[in-house]
Every structure is written in structure tokens, then in C-alpha cells.
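Now for the letters of each chain:
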Amino acid sequence: GAGVSQTPSNKVTEKGKYVELRCDPISGHTALYWYRQSLGQGPEFLIYFQGTGAADDSGLPNDRFFAVRPEGSVSTLKIQRTERGDSAVYLCASSSKAGGGNEQFFGPGTRLTVL
Amino acid sequence: GQSLEQPSEVTAVEGAIVQINCTYQTSGFYGLSWYQQHDGGAPTFLSYNALDGLEETGRFSSFLSRSDSYGYLLLQELQMKDSASYFCAVRDPNQGGKLIFGQGTELSVKP
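Read on for a plain summary of the structure. Throughout this description, residue numbers start from 1 for each chain and increase along the sequence as written. Numbering of ligands from 1 and lettering of chains from A proceed in the order in which they are written. Reporting of local features is limited, given that this is a predicted model, to residues whose pLDDT is at least 70; pairs of side-chain atoms are given and counted only at 80 or more, and all residues count toward the totals for whole chains, interfaces and linings. Side-chain measures here rest on the full set of heavy atoms in the structure, leaving out hydrogens and waters.

Take the interface of chain B and chain A next. We call two residues in contact when some of their heavy atoms are within 4.5 Å. On the chain A side, the residues contacting the 18 residues of chain B number 21 residues. Here's the idea: put two parts together, see how much 1.4 Å probe accessible area each one loses, and the total over both is what we call buried area. At the boundary of chain B with chain A, total buried surface from both sides reaches about 1600 Å², with 51% on carbon and sulfur atoms. The term salt bridge refers to a pairing of a side-chain nitrogen on Lys or Arg with a carboxyl oxygen on Asp or Glu at a separation within 4 Å. Where chain B packs against chain A, one counts one salt bridge. Its salt-bridge partner being Lys98(B), residue Asp56(A) comes within 4.0 Å of it at the nearest N-O pair. Contacts described as polar in this section are N or O atom pairs within 3.5 Å, which, within protein, must combine one atom able to donate a hydrogen with one able to accept it, while residues neighboring in sequence count only if both atoms come from side chains. There are five residue pairs in polar contact (both at pLDDT 80 or more) connecting chain B and chain A. The secondary structure listing takes helices from DSSP runs of H or I that are at least 4 residues long and strands from runs of E that are at least 2 residues long, numbered from the N terminus. Among the elements of the structure, strand S4 (32-37), strand S5 (44-49), strand S9 (84-92) and strand S10 (98-101) of chain B are those that each provide at least two residues to the side of chain B that touches chain A.

Dropping the structure here:
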């Protein structure tokens, strides 16, 4: 079956611009996570959705970052007034179990470059 | 807080056995996971240990010692395709199951 998909695969933007990153989780997965990965580092947690609600947004670095999941499936990560330090790979993961279970399924990521 | 430490890189030859260690400091513990990530690819789940001991899945095995806050991933009969980054991670179910990852170990398999 289809795995987690993310679009776009690459996004280049200028400092100060607004970007949206999309995640399509595996069908039926209720838990959805966003992570950010810088070069040579492990993924860092940003936000967790259980269904439509953001159950844990403690990893969002500041109020420029926001994410939604209005129908409990597709999620969009939104970054306002982008900064060069936002450049990273943004990963989305989903799981069939609330609380993540033992396995999270990751998408290929969106590589964001802020010039 | 939670932190994990693993070696930054390991090199081995085809056919050999390699062990990637991971030590962790956590406030509460609900299992140690391992993920593999090829260059430019998605992290993919390899194994999960909640209890002490060895879990074997084909050429890969994972070990956990909760008393030592220590685990390792053992890769046997190394193949060139095993060249990748390997991450240990702990799960925090009190916070919705988010994963806290180590910095990753880059494994290079040489012919």
C-alpha cells in the first residue's frame, strides 16, 4: 500500500517568505508527527496530532511555525517569515496507534532551503 | 530531559559484524527503537526493545539493558546496502509518543 507522502520534495524560498509543507499519512493512521532534521543530526520533534487536534506542539520553535490537520488526515506545516535557520529537512510520520505505538512510518521529507 | 549518545561513525567491511551502541538518559523509559536512514531517504523502523535482552530479526539484532541504560544494534553479514545512518530513539508516551532521537551513527561498509 501507499506510504507516507510529502510535497513538495524540495522547496527553495527567500528569507521572509511564507511556505506550506504538506503531509499525506498512511490511510487510517490517526497519529501524525512532524519532525525537523538538520544535516548530520537526528530528527527533532515539532508537533503531534491525534486525529484533528494538536495534542502536543511543544517542539515548535516559535510562533512562526504552525500546523493543521483539519480532517484528521492530511496535515500542513506552515512557516511564516522564513529565516535562513529554518533550512532543514522536514519529516512527517504517522502511526496507527494513539501514542505512536512501537513504529512510526516516515515520509521522504521536504528539503527546505531559505536563501 | 532526555538524551541519547551513539558513535558518530563506524566503518566495517562486507561480510563482517558491526555493533552500534547507544546509551540514554531519560526521565522514565518506554522502550528503545532503532531506525535506518539512507542518504536522502526516509527513516525506516528496524526494531524495538521494551524489555531486557536480545531481539533478532534476520541479519539485524537489537539488545537492551535497562539497568545500564544501554542498548545496541548488531548487524551481521554486512552488505554494501547497509551503508546508512542508524538512529536510536526513545519513545515518550506521556507526550503522545513522540520519538527522541540520538544524533545518528553513519555506517560505511567497504568491499
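Right, picking up where we left off after that structure.
Attention now goes to the nonpolar core. Definition of nonpolar core: a set of buried residues of the types Ala, Val, Leu, Ile, Met, Phe, Trp, Tyr and Cys, connected through side-chain atoms within 4.5 Å. A 1.4 Å probe rolled over the protein chains alone gives each residue an accessible area, and that area as a share of the maximum for its type sets the label: buried under 20%, exposed over 50%, partly exposed in between. Of all hydrophobic cores here, the largest spans 21 residues; its most connected members are Leu32(B), Trp34(B), Leu75(B), Tyr86(B) and Leu107(B). Ranked by size, the runner-up nonpolar core spans 20 residues in total, among them Leu46(A), Ile47(A), Tyr90(A) and Val114(A).

Further remarks concern the state of the cysteines. All names here are of chain A. For the purposes of this analysis, a disulfide is any pair of cysteine sulfur atoms at a distance within 2.5 Å. Applying the stated criterion across every chain, the model contains two disulfides over all chains. Sulfur-sulfur distance for the disulfide between Cys23 and Cys92 comes to 1.8 Å. In this structure, the disulfide formed by Cys23 and Cys92 twists by about -65° around the S-S bond and is classed as left-handed. Of this pair, Cys23 sits in strand S3 (residues 19-24) while Cys92 sits in strand S9 (residues 88-95), placing them 69 residues apart in sequence. This pair shows no difference in class: Cys23 is buried, exactly as Cys92 is.

Purely spatial values, then, with no claim about function.
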